[in-house]
Every structure is written in structure tokens, then in C-alpha cells.
Amino acid sequence: VFRDGKNELLVRGDDFDSSFMGLNFNITEDASKSLNCLENLTLCKGLPLSADILRINTRAAVFIGNFVFSNKCQKRDVMELCEKCKSLNKYLNLRIKFLQHRSKTTFPPQQRLQQKLRNTRKQISRLTKRAKSWRENVSELRSQLQSATEKDLLEKIDTSNLADSLKLTIRTAIKTAKAKSQRGHRYESDWLLNALLLKIKSPKGYRFLRENKLLPLPHESSLKQLIAGIPCEFGYSNFIFDSLRKQMENLAERDRHGVFLLDEIKIKESLQFKKHSQTFEGFIEFGDYTGEYLCGGKNRSFEVADHALVLMFRSINSNWAQPVACFTRKNSAPGEILAKLAISCILKLEEVGAFVDAIICDGATSNKKMLKTLGVQASSKFQGKPISFPFYKALFEEDNKRLLKAVPKLTSAHIMPDNFQKMVVSYATQLFSKSVADGILYYRQQKSNFHGSEQTEYFTRCINDVFDALNARKPVEGLQKGTNQYKVC
């Protein structure tokens, strides 16, 4: 065929690759040789066309006359079929077998409906038998439940794999359901303690659960009577220390280490008469040292307390704390008595198995007197060298004279705090920070009045590093041997 100014060889309407002949059809001699070669060339014969093949809808086949060829037929150098046409033949045979099988298993519409009806009836029969079996099981369980006694049910609950709290709830619910009257219920001690904790955490939630009968909770008046039966007096309570002793027996030694805290709160002056003990409550109470305090001044026996002093033990490695004692006083208590109370409380804590590693309190005058009585004194030296607070004041004054400040966050509240600002921890961390130490270093290099501030600068950096080392929010960030934070502490 002559097309686009050149001769081309077409076989079955498609271009034929004749490069293997080494001939050029545009040359007359090569064209005549090519025709002679084509007479001896064996081409792919394809697949005979049949009615089954016509039923198959595929794009991989090409229909030429009464034959079918692959759309990627190789056309040459084959005896019967090329590789592409052989693959097409396998595919067509599989499709023909599938269509023949489907024609055998396909029923007319009426037969299909009948078959579907038979299948539905069989399914209904199976479900009916299953429902009958379930009804028999339910009736048997009901008969067993009616014949079972409370003791049998409790034994089955105790031998089950339920959690102890769920077992307690189910036991309480069964006993409440079998009670003939709504009054006079007998609850287990663990259930009463859990109910009391729930009442303390959320009174509204407690009332909601009880009023809607979601849990068999006792009435609030019953809990009040329970609390009234617990010995709660000012001073030391043997009940608290006995409970602590039992708690310490189940704790590891590292979890028994803690700190001793004492703080006071303002309370309303009130004098009450306790019927069960025939005594008045509201006067000054220092435990064993009350007589010593009353002998120290006139009319102290009739003073009504307006402050409460709370003593607490806080575990260092575990997340729990326990108030251990409460005392009442008028205004500020003498430091000597506070020191005796602290020592006696620490001894009691050590007796029950606790380890007191430190005493924590605020900077009240009475607390300072207590620490001084215990031999704790403030020192203006760090590692044997003096440190001076006036350097911080000089830094603040020098920094305020400049537009660009070396320590812009330093304010008068850090240098001259009032009584309330002295208790703000953030002011202390900002004063003893790296930026303040850098400011002292900067002005020492610029001004002569900062001469001798090297130890103050070093002290500030050490306190800053200690704050950073102890300021951990997660256990992973805590102190560990070999880390830089551990070396700082």
C-alpha cells in the first residue's frame, strides 16, 4: 500500500513489522523480494468463530471474517497460533464453560420463586427449633432461680470471676431486694465506706444514684450517724495512727518516706456542747501542752479559739497524704509549743513505720520561732562564702535607669514584697533565675558597685538549677542516677 508518500506492508489491515527481512519496500528490487518472502511466510491462523464465542463480550478479541484473533496477535513465525492467541483461546474456553454451567443452574422465574420459598421455609423451621430450645433453657433457669436460696446465689457470686467491687454491689443489691422493709438494712462495712467516699466526692451524684435506685445506697442520715460514731477530737487520735500503722505494713520502704507539714487556717469562734462526752468544744487545745499554754498568761482558760493548726504527713514517692492531728489556738501560738507539737507528732509517725525526711511550713512568725527553737537558723553564707541580698536590689535599681533592660521581668514585688507577696512561689523562682544571674554578671562587668557579687551570682544559678531539676510533671522526667538533674541535687 502506498500511503503518506511511501510503501507500507499491511497484514489483516494492520501494519506489519518487516524489519526482520532486512528489506526496504520503497526500493523496487526489495519490494519484489519482500513479496516472494511473504508467499513463504507462515501467519497465525486464529480461532474459528462460533456461536459461543459471539456470546462473550470482550475487548481482547478481533473478529476478521470467520476467525477470531487477539488484538495483540503476533501474526508471524508460528505453526498454528501465536502466544497471544493461545492465551485468548484459554480465556474464551473458560468463559464458555462458565456460561454453559450457569445456563444449566438457572431456573425460570416460577422455579426460582419456588426454590426461594423452600429455602425460606427451611430457615423458618431452623429458627423455630432454636427459639424452642431457648425457651426451654429460660424456663429451666427460672425454675433454678426460684428454687435457689440466698446462700446459693452468694456462693455462686463469690466463686465467679467478677471484680471484688462488683461482687460487693451484687451482694448488697440481693440483700436489699429480699428485705421486707425499707428500714433496718444491714450493710457491709466496705459498702458503707464506699458510700461515704461517694457522698464526700459528689453529694449530688450520691442523691441521684439513690433516688433513681441505681445503687442500693444508705440514706444520708445513716452516713451522718456513721461519721458521728468515728472519734473526731482535737489533738492526736489513736484511730488515725492505728490506721496508719496498718497502711504502712502494706507499703514498701520507699513509699513510707514523706514530709511533715503544718499550717493554720482561720475559723469562726464557736462554742458547742457535746452531749455524748458532756464537754464544751471550742476552747484552746494543744493536747498534752494545753496546761503549759494556759499557765503562761491570765484568762487563757476562757479564750475561744479562732485558728486551727493542722498537721499532715505527705508521702514523697506515692500520691497520698493523711492529716494526723488538729489543734486550736487563739491568734498566734508560741513557737516553743509548736516545736514540741512537731517533735511529738514526728515521733508518733516514726513509731507507726513512717519516715519523716523534712518539715514544711510557711514563713509565719510563730513558725520561724519554732524553727529557731529546733536549731534551724538562716545563714547568709553559701558553701562558706557570703552572699548579699543588696546586689539584687542594686540590680533592680540599675536596670530601671535604662530603656533596654537586662532583666525586664524583675519588679518591686521581687525586691520589696509585702506579707502576701512573700508567700508567692513564682516570685522566688523568678528572682533566683538564670536571667537574674546573667544580669548580675553583666552589671559587674560594667559597674564597680557590683564588686564581690560572684558568690551571689553562683548561688542564684544553683537555686535555678535545683528548681529546674525538681520541676518534673511526669515520673519519666524525675530524678535518676547519672543524669544532670541528679548531679545538681
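Residues numbered from 1 in each chain as written. Predicted model: local features only at pLDDT ≥ 70, side-chain atom pairs only at ≥ 80, totals over all residues. Heavy atoms only, no water.

An unreviewed UniProt entry lists the protein under the name Transposable element P transposase-like RNase H domain-containing protein, with Allacma fusca as the source organism.

Trainee: Can you walk me through the overall build of the protein in this structure?
Mentor: Of regular secondary structure, the protein possesses 19 helices and 16 strands. Per-residue burial for the protein yields a buried fraction of 27% across its 489 residues. Of all intrachain contacts in the protein linking residues separated by at least 6 positions in sequence, the fraction that spans at least 24 positions is 58%. Put simply, the protein shows about 34,400 Å² of open surface, and 53% of that area lies on carbon and sulfur atoms. (Helix = DSSP H or I, 4+ residues; strand = E, 2+ residues; numbered from the N terminus. Buried < 20%, exposed > 50% of the residue type's maximum accessible area, 1.4 Å probe, protein only. Contact = heavy atoms within 4.5 Å. Areas by Shrake-Rupley, 256 points an atom, 1.4 Å probe, with all protein chains shown as cover.)

Trainee: Is there a simple way to think about helix H7 (residues 189-201) in this case?
Mentor: For an α-helix the count is 3.6 residues per turn, leaving residues at separations of three or four pointing the same way. Between its terminal C-alpha atoms H7 stretches 18 Å, which fits the 18 Å expected from 13 residues at 1.5 Å a residue. Where H7 is concerned, the buried positions are Trp191, Leu192, Ala195 and Leu196. Along the axis of H7, the buried residues cluster in a sector spanning 135°; they form a single face. Residues of H7 that are exposed and point more than 90 degrees away from the buried face comprise Ser189, Ile200 and Lys201. For H7, the elements touching its buried residues are helix H6 (164-177), helix H8 (203-211) and helix H9 (220-229). (Expected span 1.5 Å × (residues − 1). Arc of directions from axis to C-beta.)

Trainee: What is the right way to look at helix H10 (residues 238-249) in this model?
Mentor: An ideal rise of 1.5 Å per residue puts 16 Å on 12 residues; H10 measures up with 17 Å between its terminal C-alpha atoms. Where H10 is concerned, the buried positions are Phe241, Leu244 and Met248. One face of H10 carries all of its buried residues, which in axial projection span an arc of 55°. Relative to its buried face, H10 has exposed residues pointing more than 90 degrees away, namely Asn238, Lys246 and Glu249. In the core, the buried residues of H10 are packed alongside strand S8 (235-236), strand S12 (307-315), strand S13 (321-329) and helix H12 (335-351).

Trainee: So what exactly am I meant to see when it comes to the side chain of Glu457 here?
Mentor: Inspection of the secondary structure puts Glu457 in helix H18 (residues 454-470). With relative accessibility at 10%, the residue Glu457 sits in the buried group. Not counting the four nearest positions on each side in its chain, Glu457 is found in contact with Ala437, Ile440, Leu441 and Arg444.

Trainee: For this particular structure, what's the right way to read the pattern of salt bridges?
Mentor: Between side chains of opposite charge, a pair can form as their charged atoms come close. All told, the structure shown has 17 salt bridges when counted by the stated rule. Notably, a salt bridge pairs Asp438 with Arg461, separated by 2.7 Å at the nearest N-O pair. Separated by 23 residues along the polypeptide, Asp438 in helix H17 (residues 434-446) and Arg461 in helix H18 bring together distant segments of the chain. Here Arg461 falls in the partly exposed class, since its relative accessible area comes to 24%. Across the pair Glu457 and Arg461 runs a salt bridge whose closest N-O atoms are separated by 3.1 Å. One end of the pair is Glu457 and the other is Arg461, both in helix H18 and 4 residues apart, which spans about a single turn. Residues joined in a network through salt bridges with shared partners are Lys434, Asp438, Arg444, Glu454, Glu457 and Arg461. (Salt bridge = Lys/Arg side-chain N within 4 Å of Asp/Glu carboxyl O.)

Trainee: Mind showing me how you'd approach the sheet that holds strand S6 (residues 61-64) here?
Mentor: Within a sheet, each strand pairs with its neighbour through backbone hydrogen bonds, oriented either parallel or antiparallel. Taken in spatial order, the 3 strands make up an open sheet running S5-S7-S6, and their pairing is antiparallel. Bordering the open sheet on either side are strand S5 (47-48) and S6, each of which pairs with just one other strand. The pairing of S6 with strand S7 (residues 67-70) spans 4 bridges and is classified as antiparallel. Bridged to Ile64 within S7 is Phe67. (Pairing = 2+ DSSP bridges.)

Trainee: Could you clarify how one ought to interpret the packing of aromatic side chains in this entry?
Mentor: Considering all chains together, one arrives at 11 aromatic pairs under this definition. Aromatic pair Phe389 and Tyr392: ring centres 5.5 Å apart, planes at 45°, arrangement tilted. Phe389 gets classed as partly exposed once you look at its relative accessible area, which sits at 40%. With relative accessibility at 3%, the residue Tyr392 sits in the buried group. Aromatic pair Tyr442 and Tyr443: ring centres 5.1 Å apart, planes at 70°, arrangement edge-to-face. The positively charged end of Lys348 is found above the aromatic ring belonging to Tyr236, 5.2 Å away from the centroid. The ring centre of Phe241 lies 5.9 Å from the NZ or CZ of Lys348, which sits over that ring. (Phe/Tyr/Trp six-rings, centres within 6.5 Å; stacked < 30°, edge-to-face > 60°. Lys NZ or Arg CZ within 6 Å of the ring centre and 35° of its normal.)

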